[in-house]
Amino acid sequence: NSKRMERLYSPRGILQISERHGIRVNKSLGQNFLADGNLVDKIIEGSGIGAEDLVLEVGPGLGALTRRAAARAAMVAAVEIDRHLQPVLAETLGDLPNVRIFWEDILKADLEEIFRQMEAEHGRAFGGLKVLGNLPYYITTPVIMRFLEELISWERPRALPVESLTFMMQKEVADRIRANPGSKAYGALSVAVQYRCGVEQLAAVPKEVFVPRPQVDSAVLRLLVHAEAPVRPKSEETFFAVVRAGFGQRRKTLHNALAGLYGMGKEETKNALTAAGIAPERRAETLSLAEFAALADCVEQYKVQDQQ
Ligand code: SAM
């Protein structure tokens, strides 16, 4: 079967297999299948999968990445929303005993439960957990934010022990993730990713390698989760809330943009900014990670008051 499945890595093979199963590509689900074996290998190699690892894949599609991940990992859990792909995946992955497909929405699936289920089946702890995928374009940012904000945590013991996330995404989002303070692309996504991970671009990807072809070019990024926080806000939740509020109205000065958060008025946001050593007229796009963390700590008292 492995030899036969080499077809998966060519445009013709992708068309043939989807036609044979009567699959119509669902563009609204961001289905742009990767038809290049070298790029598949780049994602798989880049994610550094070890033989004792669990791989969590976002959107397996026809199974191209899944097959090669399964050859290296202890097990693969793949989360796919489109049940029409069931017969295709039965054909392309049916011979692999270490793959489980979960027919769910990646934004809603209980991934911590899936992790524990996989661990129970494996019978012992995995060496590590690697996340990867060729992300559907319409939810790139929400998927990344869900992992960074909700599923990975340095505060919560039951958080997912993710070591790295290796994602294909549109180039424009990759540029935002890598952006530095002061640049136009720097925003909530840049801060959230850089707080949690080291960022490395593994490949720039032209649109021609996908079937069907998307409108824009792509890039593969590897996000290596820091073992320890580079800055330590008292509360991660407050940190993310401040980042979101700050960039919510990015043209506004910070003391205006933050007003309303935890019931703060402009006087209070001014006080919090001054206490954090940040001039109230500055804008979110000029703040470093350390400044956001300091600001979050000075906002903390207002949050506590607000919740009482
Ligand atoms: N991994 C395949 C490849 O590289 O050829 C497919 C990648 S394609 C860009 C994105 C995949 O994500 C599609 O199979 C699509 O059906 C799936 N998908 C879209 N929205 C999803 C969601 N909310 N949850 C899980 N999977 C989703």
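Heads up: the structure comes first, above all this text.
Let me begin by describing the structure that accompanies this report. (Residues numbered from 1 in each chain as written. Predicted model: local features only at pLDDT ≥ 70, side-chain atom pairs only at ≥ 80, totals over all residues. Heavy atoms only, no water.)

Moving on, we come to the sheet that holds strand S7 (residues 197-205). Spatially, S4-S3-S2-S5-S6-S9-S7 is the arrangement adopted by the seven strands of the open sheet, whose pairing is mixed. Strands with a single pairing partner mark the edges of an open sheet, and in this sheet they are strand S4 (99-102) and S7. Across this sheet, the average inter-strand angle for adjacent strands is 15°, counted without regard to direction. Bridge count between strand S6 (residues 162-170) and strand S9 (residues 218-225): seven bridges; the pairing is antiparallel. Among the inter-strand pairings, Met169 is bridged to a residue of S9, identified as Ala219. (Pairing = 2+ DSSP bridges. Helix = DSSP H or I, 4+ residues; strand = E, 2+ residues; numbered from the N terminus. Axes fitted to C-alpha atoms, helices over the stretch in contact; angles between N-to-C directions.)

Taken together, 24 residues lie around the ligand, and Gln31, Glu80, Asp105, Ile106 and Tyr138 are the ones closest in. Interatomic distance of 2.9 Å between a side-chain N/O atom of Gln31 and an oxygen atom of the ligand. Starting from 590 Å² of accessible surface for the ligand in isolation, the protein chains cover 99%. For the shell around the ligand, a count of residues per class yields 13 nonpolar, six polar and five charged. (Near = heavy atom within 4 Å. Polar contact = N/O pair within 3.5 Å; in protein donor to acceptor, adjacent residues only side chain to side chain. Areas by Shrake-Rupley, 256 points an atom, 1.4 Å probe, with all protein chains shown as cover. Nonpolar A, V, L, I, M, F, W, Y, C, P; charged D, E, K, R; others polar.)

Turning to helix H1 (residues 11-20), its buried residues number three or more, namely Gly13, Ile14, Ile17 and Ser18. Down the axis of H1, the buried side of the element spans an arc of 120°, and every buried residue falls inside it. Exposed side of H1, more than 90 degrees from the buried face: Arg12 and Glu19 are the residues found there. Tucked into the core, H1 has its buried residues touching strand S1 (33-34), helix H4 (86-93) and strand S8 (210-211). Just downstream of H1, Gly22 is the residue with a positive phi angle, here 65°. (Buried < 20%, exposed > 50% of the residue type's maximum accessible area, 1.4 Å probe, protein only. Arc of directions from axis to C-beta. Contact = heavy atoms within 4.5 Å.)

We now examine the pattern of salt bridges. Note that side chains of opposite charge can pair when their charged atoms are close. As enumerated under the stated definition, the model contains 23 salt bridges in all. Lys130 is the partner of Glu163 in a salt bridge, and the nearest nitrogen-oxygen pair spans 2.9 Å. Separated by 33 residues along the polypeptide, Glu163 in strand S6 and Lys130 in strand S5 (residues 129-134) bring together distant segments of the chain. A residue is classified by how much of its surface remains accessible, and Glu163, at 33% relative accessible area, is partly exposed. (Salt bridge = Lys/Arg side-chain N within 4 Å of Asp/Glu carboxyl O.)

Moving on, we come to empty space enclosed by the protein. Throughout the structure, instances matching the rule amount to two cavities of 30 Å³ or more. Of all the secondary-structure elements, those providing two or more residues to the lining of the largest cavity are S1, strand S2 (54-58) and helix H3 (64-70). Of the residues contributing to the lining of the largest cavity, the split by class is 19 nonpolar, seven polar and four charged. Taken as a whole, the second largest cavity holds about 40 Å³ of empty space. In terms of lining, the second largest cavity is formed by Leu54, Leu56, Ala77, Leu111, Ile114, Phe115 and Leu129. Listing elements by their share of the lining of the second largest cavity, those giving two or more residues are S2 and helix H5 (111-122). With three residues, the single largest contributor to the lining of the second largest cavity is H5. Residue composition of the lining of the second largest cavity, grouped by class: seven nonpolar, no polar and no charged. (1 Å grid on protein atoms, 1.4 Å probe; cavity = no way out; pocket = protein on both sides within 12 Å on 5 of 7 lines; lining within 4 Å. Points joined across faces, edges and corners; volume = space filled by probe spheres on them.)

Of all eight residues that make up S9, seven are buried, and the element is covered over most of its length. In this sheet, S9 lies alongside S7 in antiparallel orientation, the contact comprising eight bridges. Residue pairing in the sheet places Gly198 in a bridge with Leu224 of S9.

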